[in-house]
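Reading the structure
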Amino acid sequence: MSVLVFAEVSEGKFKKNALEVVSYGKKLAEQLGTQLTAFTINAETPSELASYGADKIVTITNGALTSFDAKAIAAVASQIAQKENTKVIIIDSSANGAYLAPIISGKLAAGFASNVVELPISMEPFVVKRKAFSNKAFQHTEISTDIKIIGLAKNAFGVFETVGKGQEEDFSPELTSTGLTSVSIQKASGKISIADAEIVVSGGRGLKGPENWGLIEDLAAVLNAATACSKPVSDLGWRPHNEHVGQTGKPVASNLYIAIGVSGAIQHVAGINASKVKVVINTDPEAPFFKVADYGIVGDAFEVVPKLIQKLQQFKSQNS
Amino acid sequence: MKILVCISHVPDTTSKINFTADNAAFDTNGVQYIINPYDEFVLAKAMHLKEELGASITVLNVGTAETEPSLRKAMAIGADDAIRINATPTDGFFVAQQIAEIARTNTYDLIFAGRESIDYNGGMVPGVLATLLDCNFINACVGLEIENTTATAQREIDGGSETLQAKFPLVIAGQKGLTEEKDLRIPNMRGIMMARKKPLAVLEPIATENKTGSKGFEKPEENAACKMVAADNIDGLIDLLHNEAKVI
């Protein structure tokens, strides 16, 4: 019996998501009295995972798996799960993780719960707490199959350093062509993605027009943050729709979320509620966003934000 | 081209989410239901393909009789016929198995579904379905072009997108971007009248074993009151973020 996690790399390096699933997997393995196996594909330094609790690190080096082929990786995961007699598989909630987990579930006929926010509530029966109703509630879900799959919500558990045995083992999976070809990858260079950002700065209609987005970008630059926007802003074409955050846009689970000129409609709040700390700057003291924010400033963005940028620059230069 | 569009019938995005007294079930009292927003994007894309290349569109839902208005609405938008699997959708795997059963007998070129439903947010039906059918699957699809029986699609990745190619049959889980918000379809009176005469088949589910089960719900804790900072006290805000919240 073992707990298995997939630790994904981006250009050979582990992302925070990967370290988070390893940290979670280790705690779960301890509770189950078993060990944690992590598998990783084309990683530069797989041994790093031992510092987050991996007892066994299954490393796969295969040029055919350079691009993320979810179906092929699901086949790899199934082979390792069988070999390791795995009872619980943990996958992160990145775009790739959300693509992968259901395929493994289908392949192994294993019950899957996505958006899980903490360690299981009970082991017998196996019940997990997951986000539902677009962050407006939590559901307790029992997984009753022999193999259980957990999709761990982003930034919900945290990354913990601990000691794992870190025994490394090479594995050559059997691969068959999936018929899905990756043609190209388009990534905005030099921009931090909303998914990866620790801090997200978001603008709403209160900014009055796309010409004023320099304020959001400058603030994001000082904080090393990603930029985002509300739904009306993307619908109006002020910003590209890949910046739209909210219930039907991108979910945000950052450490700090700063909303400027966003009123805080229920759909917007649902999408960003998983963020740990929320700061709201709005001219309207009655804006509903203040009810769910941690810190608020009632004021004109065009006066407050330039001052905030300036003060943050001073703060950064003193604290670096 | 034969297209199947799978839709969910979900509480309106503005709904207050409440549960029954024992927290065992969602409280449907006073809740308006809509077609799942993610599904609206795929339905509009299917319509676009139908107009451009010619296609038949079947719309499907796994649900009880209460979901029929959503199926009628989809037909009013332009789907040719509808199938309702008469069952309470207890878990995503169950739903995928029911759809797979239909897809095996009717063989579709393209199966569309929204990336996830906005109620249970499982995000698993399309992926499990594709795996049960052993066909290719594109998740979080934000762009799609069809040439003969080959699809070129974009999927959203963290910080960008990836372009992929695959042959039919194909399962596509879509979202905004696959269709723009302004291109979503609103049924007109003629469509609504025609939809009343379009066939809606009600089929009984196949027997399966549940893999997961709901054990109840809880609401998030109320947020502590927002700390207000004066607009001229930016230093105060920075101090709070640094020393209290420890996020900068």
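Just above, that's the structure.
So, here's what we can say about the structure. Worth saying up front: this structure is predicted, and the values here are computed from it rather than measured. (Residues numbered from 1 in each chain as written. Chains lettered and ligands numbered in written order. Predicted model: local features only at pLDDT ≥ 70, side-chain atom pairs only at ≥ 80, totals over all residues. Heavy atoms only, no water.)

Tallying secondary structure elements over chain A gives 8 helices and 17 strands in all. Taken along the three principal axes of its C-alpha coordinates, chain A extends 60 × 40 × 40 Å. With 320 residues in all, chain A has 61% of them scored as buried. In chain A, the share of contacts with a sequence separation of at least 24, taken over all contacts with a separation of at least 6, comes to 64%. Accessible surface for chain A amounts to roughly 12200 Å². Of this, 49% is attributable to carbon and sulfur atoms. Within chain A, one finds 30 positive and 31 negative side-chain charges whose respective centroids are separated by 4 Å. (Helix = DSSP H or I, 4+ residues; strand = E, 2+ residues; numbered from the N terminus. Buried < 20%, exposed > 50% of the residue type's maximum accessible area, 1.4 Å probe, protein only. Contact = heavy atoms within 4.5 Å. Areas by Shrake-Rupley, 256 points an atom, 1.4 Å probe, with all protein chains shown as cover. Lys, Arg positive; Asp, Glu negative; His and termini not counted. Charge placed at Lys NZ, Arg CZ, Asp CG, Glu CD.)

Our next topic: empty space enclosed by the protein. Scanning the entire structure with this criterion turns up 2 cavities of 30 Å³ or more. Estimates place the volume of the largest cavity at around 100 Å³. Taken together, His 241, Asn 242, His 244, Thr 248, Gly 249 and Lys 250 of chain A together with Tyr 38, Arg 115, Val 142, Glu 156, Gln 175 and Lys 176 of chain B form the lining of the largest cavity. In terms of residue class, the lining of the largest cavity is made up of 2 nonpolar, 6 polar and 4 charged. In this structure, the second largest cavity occupies an estimated 40 Å³ of space. Considering the residues around the second largest cavity, the lining is formed by Phe 133, Lys 136 and Gln 247 of chain A together with Pro 11, Asp 12, Ile 17, Ile 118 and Asp 119 of chain B. A class-by-class count of the residues in the lining of the second largest cavity yields 4 nonpolar, 1 polar and 3 charged. (1 Å grid on protein atoms, 1.4 Å probe; cavity = no way out; pocket = protein on both sides within 12 Å on 5 of 7 lines; lining within 4 Å. Points joined across faces, edges and corners; volume = space filled by probe spheres on them. Nonpolar A, V, L, I, M, F, W, Y, C, P; charged D, E, K, R; others polar.)

Looking now at the sheet that holds strand β14 (residues 226-229) of chain A. Across the sheet, which stays open at both edges, the 6 strands sit in the order β14(A)-β13(A)-β15(A)-β16(A)-β17(A)-β13(B) with parallel pairing between neighbours. Where the open sheet ends on each side, the last strands, each with one partner, are β14 of chain A together with β13 (227-228) of chain B. Here helix α4 (residues 214-223) of chain A sits on the sheet and contacts β13 (199-203), β14 and β15 (256-260) of chain A; the angle it forms with β13 of chain A, its principal contact strand, is near 170°. (Pairing = 2+ DSSP bridges. Axes fitted to C-alpha atoms, helices over the stretch in contact; angles between N-to-C directions.)

Further remarks concern the pattern of salt bridges. Across all of its chains, the model carries 31 salt bridges over all chains by this definition. Among the salt bridges present, the one from Lys 182 of chain B reaches Asp 183 of chain B, with a minimum N-O distance of 3.7 Å. Look at Lys 182 of chain B and you get exposed, because its relative accessible area is 69%. Residue classification places Asp 183 of chain B among the partly exposed positions, given a relative accessible area of 37%. Through salt bridges with shared partners, a single ionic network connects Lys 56, Lys 83, Glu 84 and Glu 169 of chain A. (Salt bridge = Lys/Arg side-chain N within 4 Å of Asp/Glu carboxyl O.)

This next bit is on the interface of chain A and chain B. At the junction of the two partners, chain A supplies 88 residues and chain B supplies 76 residues. Contact between chain A and chain B buries roughly 6800 Å² in total, counting both sides, with carbon and sulfur atoms accounting for 58%. Contact with chain B buries surface across chain A, with Tyr 99, Phe 133 and Tyr 295 of chain A losing the most and accounting together for 12% of the total. Counting across the interface, chain A meets chain B through 7 salt bridges. (Buried area = accessible area lost by both parts, 1.4 Å probe.)

All names here are of chain B. A cluster of nonpolar residues, Met 189, Ile 192 and Met 193, forms a patch on the protein surface that exposes about 290 Å² of accessible area. Examined against the element boundaries, Met 193 turns out to sit in helix α5 (residues 189-197). The class for Met 193 is partly exposed, based on a relative accessible area of 41%. (Patch = residues over 30% accessible without salt bridge, like charges linked within 9 Å, V, L, I, M, F, W, Y side chains within 5 Å.)

With that settled, consider the packing of helix α2 (residues 70-83) of chain A against helix α3 (residues 95-108) of chain A. Residue and element names in this part refer to chain A. Look at α2 against α3: their axes get within 9 Å of each other, and the N-to-C directions meet at 50°. The orientation of α2 with respect to α3, classified from their angle, is oblique. The two elements α2 and α3 meet at a crossing, and its hand is right-handed. For the pair formed by α2 and α3, the contact residues are Ala 70, Lys 71, Ile 73, Ala 74, Ala 75, Ala 77, Ser 78 and Ala 81 on the first element and Tyr 99, Leu 100, Ile 103, Ile 104, Lys 107 and Leu 108 on the second. When its residues are assigned to classes, the contact of α2 with α3 shows 11 nonpolar, 1 polar and 2 charged. (Parallel < 35°, antiparallel > 145°, perpendicular 65-115°, else oblique. Left-handed = near helix turned anticlockwise from the far one by under 90°.)

Residues and elements named next belong to chain A. Axis separation between α4 and helix α8 (residues 301-318) bottoms out at 10 Å; the angle between their running directions is 20°. One element, α4, and the other, α8, form an angle in the roughly parallel class. For the element pair α4 and α8, the recorded crossing hand is left-handed. Here Leu 215, Asp 218, Leu 219, Val 222 and Leu 223 of α4 lie close against α8, whose contacting residues are Ala 301, Phe 302, Val 305, Pro 306, Leu 308, Ile 309, Leu 312, Gln 313 and Lys 316. Of the residues assigned to the contact of α4 with α8, the class counts are 11 nonpolar, 1 polar and 2 charged.

Right, let's talk about the environment of Glu 30 of chain A for a bit. Assignment of secondary structure puts Glu 30 of chain A in helix α1 (residues 16-32). Judged by its relative accessible area of 48%, Glu 30 of chain A is partly exposed.

Looking now at the nonpolar core. Core analysis: the biggest nonpolar cluster contains 90 residues, and Phe 39 and Tyr 99 of chain A together with Ile 3, Val 5, Leu 110, Phe 112 and Leu 144 of chain B have the highest contact counts within it. For Leu 110 of chain B, the residues in contact, after removing those within four places along its chain, are Met 1, Lys 2, Ile 3, Leu 4, Leu 49, Ile 146, Phe 168, Leu 170 and Ile 172 of chain B. By size, the runner-up hydrophobic cluster in this structure holds 36 residues, among which are Ile 199, Ala 225 and Val 277 of chain A together with Leu 237 of chain B. (Core = buried A, V, L, I, M, F, W, Y, C linked by side-chain atoms within 4.5 Å.)

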